[in-house]
Amino acid sequence: MKVFAITTQKGGAGKTTTCAHLGAELSRRGYRVVLVDTDPHANVTSWWEDRKAEQPGLLAATFAQLPAALEQLDAAGVDFAIIDTSSVINKAIVKILNMADLAIVPSKVGPLDMKATRETLDIIRGTTTPMIFLLNEVRPNTVLERDAMVSLSRHGTLAPVIHYRQQIISAMIDGRTCGEISRNCAGAKEVRAFTDFALEQVGISPPKKPRKQPIACLST
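Just so we're clear, the structure is a prediction, and the values are computed from it rather than from any experiment. (Residues numbered from 1 in each chain as written. Predicted model: local features only at pLDDT ≥ 70, side-chain atom pairs only at ≥ 80, totals over all residues. Heavy atoms only, no water.)

Q: Can you explain the environment of lysine 2? Please cite residues and give values.
A: Summarising the element assignment, lysine 2 is placed in strand β1 (residues 2-6). For the pair formed by lysine 2 and leucine 70, sequence separation is 68 residues and the distance between their alpha carbons is 10.0 Å. Not counting residues within four places of it along the chain, the set of residues in contact with lysine 2 comprises Asp79, Phe80, Ala81, Asp101, Val202 and Ile204. (Helix = DSSP H or I, 4+ residues; strand = E, 2+ residues; numbered from the N terminus. Contact = heavy atoms within 4.5 Å.)

Q: Residue-level account of the pattern of salt bridges, with values.
A: Scanning the entire structure with this criterion turns up 7 salt bridges. Linking arginine 183 and glutamate 25 is a salt bridge whose minimum nitrogen-to-oxygen distance equals 3.7 Å. In this pair, arginine 183 sits in the loop between α8 (178-181) and α9 (186-201) while glutamate 25 sits in helix α1 (residues 15-28), placing the two residues 158 residues apart along the sequence. A salt bridge links arginine 165 to glutamate 190; its shortest N-O distance comes to 2.6 Å. One end of the pair, arginine 165, is in the loop between β8 (162-163) and α7 (166-173); the other, glutamate 190, is in helix α9, with 25 residues separating them in the sequence. A residue is classified by how much of its surface remains accessible, and glutamate 190, at 12% relative accessible area, is buried. (Salt bridge = Lys/Arg side-chain N within 4 Å of Asp/Glu carboxyl O. Buried < 20%, exposed > 50% of the residue type's maximum accessible area, 1.4 Å probe, protein only.)

Q: Any details on the nonpolar core? Residues and values, ideally.
A: Judged by nonpolar contacts, the single largest core of 32 residues is most densely connected at Phe4, Leu26, Leu35, Ile82, Ile104 and Phe194. No other element matches α9, which puts 6 residues into this core. In contact with isoleucine 82, other than residues within four places in its own chain, are Phe4, Ile6, Cys19, Leu22, Gly23, Leu26, Val33, Val34, Leu35 and Val36. Within the second largest apolar cluster, 31 residues are counted, among which are Leu66, Ala100, Ala148 and Val161. (Core = buried A, V, L, I, M, F, W, Y, C linked by side-chain atoms within 4.5 Å.)

Q: Account for α7, naming residues and giving values.
A: Of the residues making up α7, those classed as buried are Ile168, Ala171 and Met172. Each buried residue of α7 lies within a common arc of 95° when the element is viewed along its axis, so the set occupies one face. Where α7 is buried, its residues contact α1, α2 (43-49), β8, α8 and α9. (Arc of directions from axis to C-beta.)

Q: So what's going on with the packing of α1 against α9? Residues and values would help.
A: One can describe the packing of α1 onto α9 by two numbers: an axis separation of 10 Å at closest approach and a directional angle of 80°. By the angle class used here, α1 and α9 are roughly perpendicular. Residues Thr18, His21, Leu22, Glu25, Leu26 and Arg28 of α1 touch α9, and the partners they reach there are Val191, Arg192, Phe194, Thr195 and Leu199. Among the residues making up the contact of α1 with α9, the classes are represented as 5 nonpolar, 3 polar and 3 charged. (Axes fitted to C-alpha atoms, helices over the stretch in contact; angles between N-to-C directions. Parallel < 35°, antiparallel > 145°, perpendicular 65-115°, else oblique. Nonpolar A, V, L, I, M, F, W, Y, C, P; charged D, E, K, R; others polar.)

Q: Account for the packing of aromatic side chains, with residues named and values stated.
A: Taken as a whole, this structure holds 2 aromatic pairs when the rule is applied. Aromatic side chains phenylalanine 4 and phenylalanine 80 sit 5.5 Å apart centroid to centroid with 20° between the ring planes, which places their arrangement in the stacked category. Placement of phenylalanine 4 in strand β1 and of phenylalanine 80 in strand β4 (residues 80-84) is noted, with a sequence separation of 76 residues between them. Both residues of the pair, phenylalanine 4 and phenylalanine 80, count as buried. Taking the centre distance of 5.0 Å and the plane angle of 85° together, the rings of tyrosine 31 and phenylalanine 80 count as edge-to-face. Here tyrosine 31 is found in the loop between α1 and β2 (33-37), whereas its partner phenylalanine 80 is found in strand β4, with 49 residues between them in sequence. Accessibility assignment for this pair places tyrosine 31 and phenylalanine 80 in one class, buried. Three or more aromatic residues joined by ring pairs form one cluster here, namely Phe4, Tyr31 and Phe80. Here arginine 139 stacks its cationic end above the ring of tyrosine 164, 4.0 Å away from the centre of that ring. (Phe/Tyr/Trp six-rings, centres within 6.5 Å; stacked < 30°, edge-to-face > 60°. Lys NZ or Arg CZ within 6 Å of the ring centre and 35° of its normal.)

By themselves these figures say nothing about function.
Below, the structure is given as structure tokens:
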């Protein structure tokens, strides 16, 4: 099982949206995926409860429960566990990162976002976990986008950008993803490119055809 940890010190940076879209896209490809909600605000749980589709699965866990939860998911044959974390970077987050195969750090382009991202990077550098940056909700072809890309690329690996798309915002309101509204919308294409990139970071080539059936949700 591969574990993705989505983390950043700043709230509103796009952690839950990234978790939901990455999980749903991997599920669409036939992987067995469970979203693991460790955030006390339970935003990904709220999104999942509004969802009509059964995939991806969901498992809520405290920091203390997380090691046993991941063992449970691995034993159940889950391919990917995607952890949505809180915005507080502390010792518990460090422990989560050390359990992950890849840390995904979402960020917007504002100065406070950039500052929080750099502070998050300082924490991640104290772990053994590879990391990628994800710029999201960015207005395309702007000076801010270009400056943010240059700044982040100096500190680590930058994933394909997911721009500000109305389909993404609208989808999150009722438990969907943009690709479930329209497979050919710009947002869905960007999510697929980001998913391909994330898979490559953990040594997995994107499949050319659907795999086995996804696993049913284990818990709410």
